[in-house]
Amino acid sequence: MAGIYIHIPFCKQACHYCDFHFSTQLKKKDEMLWALQEELRLRANEFQDTTVSTIYFGGGTPSVLSASEIEQLIQTAYSHYKVEESPEITLEANPDDLSSQKLTELAASPVNRLSIGVQSFFEEDLKLMNRAHSEKQAKDSLKQASQLFSNISIDLIYGIPFLDDAKWETNIKTALSYGISHISSYALTVEPRTALKKFIEKGIIPDVDDAQAEAQFQHLVTSLEQEGFLHYELSNFGKPGFFSKNNSAYWQGKSYLGIGPSAHSFSGTQRSWNIANNAKYIQGIKTGELPQEMETLSQRDRYNEYVMTGLRTMWGVSLTRVSEEFGSHFKDYLLQQAERHIAARFLFLDGDTLLVTKQGKFLSDGLAADLFMLPLKKK
Ligand code: SF4
């Protein structure tokens, strides 16, 4: 079982907080479509004996493509890979691209899961973040999408300056009113070299308030659990049967092939990443040479990754797996490092599995870092 991730590196405009790889110049769209299909063909040998169970269009904004362009990419994947009978095919989409006609066309295509970048239902938040859509577009697209798709995820952002707790509560309730089965929710983070960072430095908008972000996160967890959602990964909540298969496979260490500029791939022992530059990516594909770099993960890297992703998920970190895959000294080290966090009630052991407690959840990345096996210092 494995997944294919296809990165569509175009957006209509730059959101103020975003540091992903994308271009707002759509001039090279046709060339890019050709290159993506070519990369799918060139790399088919990497998945010769592997069945593909998920195809995921991420970005950027994949919904800038027409339904037929998306279908063309899916057909290329079908012609060169062994794809299972009912794969999960997800399209990340922004509300301003989801007109009634586009949604109807997408519903008739092999895409069977939409991940809609709503972020907030308040106009002032959307403006502050420079999102391309309006509150009305978010609501209209969800109303129609929920009639055409049974598997919809919504993205929501908390910790936005001026998003008080009452507005956050409204955002959660509004999202739930569409009967959706999955929510991905992230704290607004201030990345270097973003417009958001500059606005905060210049005092144009206040800095994000970590305490408020944590309170909004805890409120989200409680509200969604009451509605029957399972908090299966730090930022992801799904009704039973509606977890993202693509992302779950990624968190469980399965292989995936990342197609397109800046896309990452993982083979179980090696990680590779494509160049994050559209023109150079296309040029590389034209010469038949994959514009990518690769690293082989050491045993320590793989242990660290497993601890990091394991602690973020409801599956936790299995001590048996650590012992079997990495050796008993890794397990001893893990338990020794975890001891003080268990005493502080941020971590707990459920039989053989190490998990974060409710109060440890928001801190899980920092807790994981404390359990990492660091390189030995050179003398
Ligand atoms: S639409 Fe998504 S990828 Fe594009 S700029 Fe906004 S957050 Fe970044």
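Rules of the game
Residues numbered from 1 in each chain as written. Predicted model: local features only at pLDDT ≥ 70, side-chain atom pairs only at ≥ 80, totals over all residues. Heavy atoms only, no water. Axes fitted to C-alpha atoms, helices over the stretch in contact; angles between N-to-C directions. Helix = DSSP H or I, 4+ residues; strand = E, 2+ residues; numbered from the N terminus. Parallel < 35°, antiparallel > 145°, perpendicular 65-115°, else oblique. Left-handed = near helix turned anticlockwise from the far one by under 90°. Contact = heavy atoms within 4.5 Å. Nonpolar A, V, L, I, M, F, W, Y, C, P; charged D, E, K, R; others polar. Buried < 20%, exposed > 50% of the residue type's maximum accessible area, 1.4 Å probe, protein only. Polar contact = N/O pair within 3.5 Å; in protein donor to acceptor, adjacent residues only side chain to side chain. Near = heavy atom within 4 Å. Pairing = 2+ DSSP bridges. Salt bridge = Lys/Arg side-chain N within 4 Å of Asp/Glu carboxyl O.

**Re the packing of helix H11 (residues 299–312) against helix H14 (residues 364–371)**
And then number 1: Interaxial distance between H11 and H14 falls to 9 Å at its minimum, and their mutual angle equals 150°. Taken together, the axes of H11 and H14 lie roughly antiparallel to each other. Here the hand of the crossing between H11 and H14 comes out right-handed. Along its contact with H11, which presents Tyr303, Val307, Met308, Leu311 and Arg312, the element H14 presents Ser364, Asp365, Leu367, Ala368 and Leu371.
And then number 2: In the contact of H11 with H14, the residues fall into 7 nonpolar, 1 polar and 2 charged.

**Things to note about the environment of serine 23**
And then number 1: Structurally, serine 23 can be placed in the loop between strand E1 (2–8) and helix H1 (29–42).
And then number 2: Take serine 23: its relative accessible area is 17%, and that puts it in the buried class.
And then number 3: Contact partners of serine 23, with chain neighbours within four places excluded, come to Pro9, Phe10, Cys11 and Asn278.

**Points about the packing of H11 against helix H12 (residues 319–326)**
And then number 1: One way to put it is that H11 packs onto H12 with a least axis distance of 11 Å and a crossing angle of 170°. Taken together, H11 and H12 sit at an angle that is classed as roughly antiparallel. Note on element contacts: H12 touches H11 through Arg321, Val322, Glu325 and Phe326, opposite Gln299, Arg302, Tyr303 and Tyr306.
And then number 2: Residue composition of the contact of H11 with H12, grouped by class: 4 nonpolar, 1 polar and 3 charged.

**A word on the side chain of asparagine 171**
And then number 1: Secondary-structure assignment places asparagine 171 in helix H6 (residues 165–177).
And then number 2: Look past the residues within four positions of asparagine 171 in its chain and what remains in contact with it is Gln119, Ser120, Phe121, Phe122, Leu156 and Leu163.

**Focus on the environment of glutamate 124**
And then number 1: Within the secondary structure layout, glutamate 124 lies in helix H4 (residues 123–128).
And then number 2: For glutamate 124, a relative accessible area of 45% corresponds to the partly exposed category.
And then number 3: A C-alpha to C-alpha distance of 27 Å links glutamate 124 and leucine 65, two positions 59 residues apart in sequence.
And then number 4: A polar atom in the side chain of glutamate 124 sits 3.1 Å from the side chain of lysine 167.

**Quick look at the site of the ligand**
And then number 1: Taken together, Cys11, Gln13, Cys15, Tyr17, Cys18, Phe20, Phe22, Gly60, Thr61, Asn94 and Arg131 form the complete shell of residues around the ligand.
And then number 2: Here the shell around the ligand is composed, by residue class, of 6 nonpolar, 4 polar and 1 charged.

**Topic: the pairing of strand E11 (residues 270–274)**
And then number 1: By the bridge criterion, 3 bridges tie strand E10 (residues 264–266) to E11 in an arrangement that is antiparallel. Residue pairing for E11: phenylalanine 266 is matched across the bridge by arginine 271.
And then number 2: When E11 meets strand E12 (residues 292–296), the two strands line up antiparallel, connected through 5 bridges. Considered in E12, the bridge of arginine 271 is made with glutamate 295.

**A look at the pattern of salt bridges**
And then number 1: Applying the stated criterion across every chain, the model contains 22 salt bridges.
And then number 2: In this structure, arginine 43 engages glutamate 46 in a salt bridge whose closest nitrogen and oxygen atoms are separated by 2.9 Å.
And then number 3: Residue classification places glutamate 46 among the partly exposed positions, given a relative accessible area of 40%.
And then number 4: The closest approach of N and O atoms between glutamate 325 and arginine 321, which form a salt bridge, is 2.8 Å. Residue glutamate 325 and its partner arginine 321 are both found in helix H12; the two are separated by 4 residues, about one turn of the helix.
And then number 5: For arginine 321, a relative accessible area of 29% corresponds to the partly exposed category.
And then number 6: Put simply, Lys12, Asp96 and Asp97 are held in one network by salt bridges that share partners.

Purely spatial values, then, with no claim about function.
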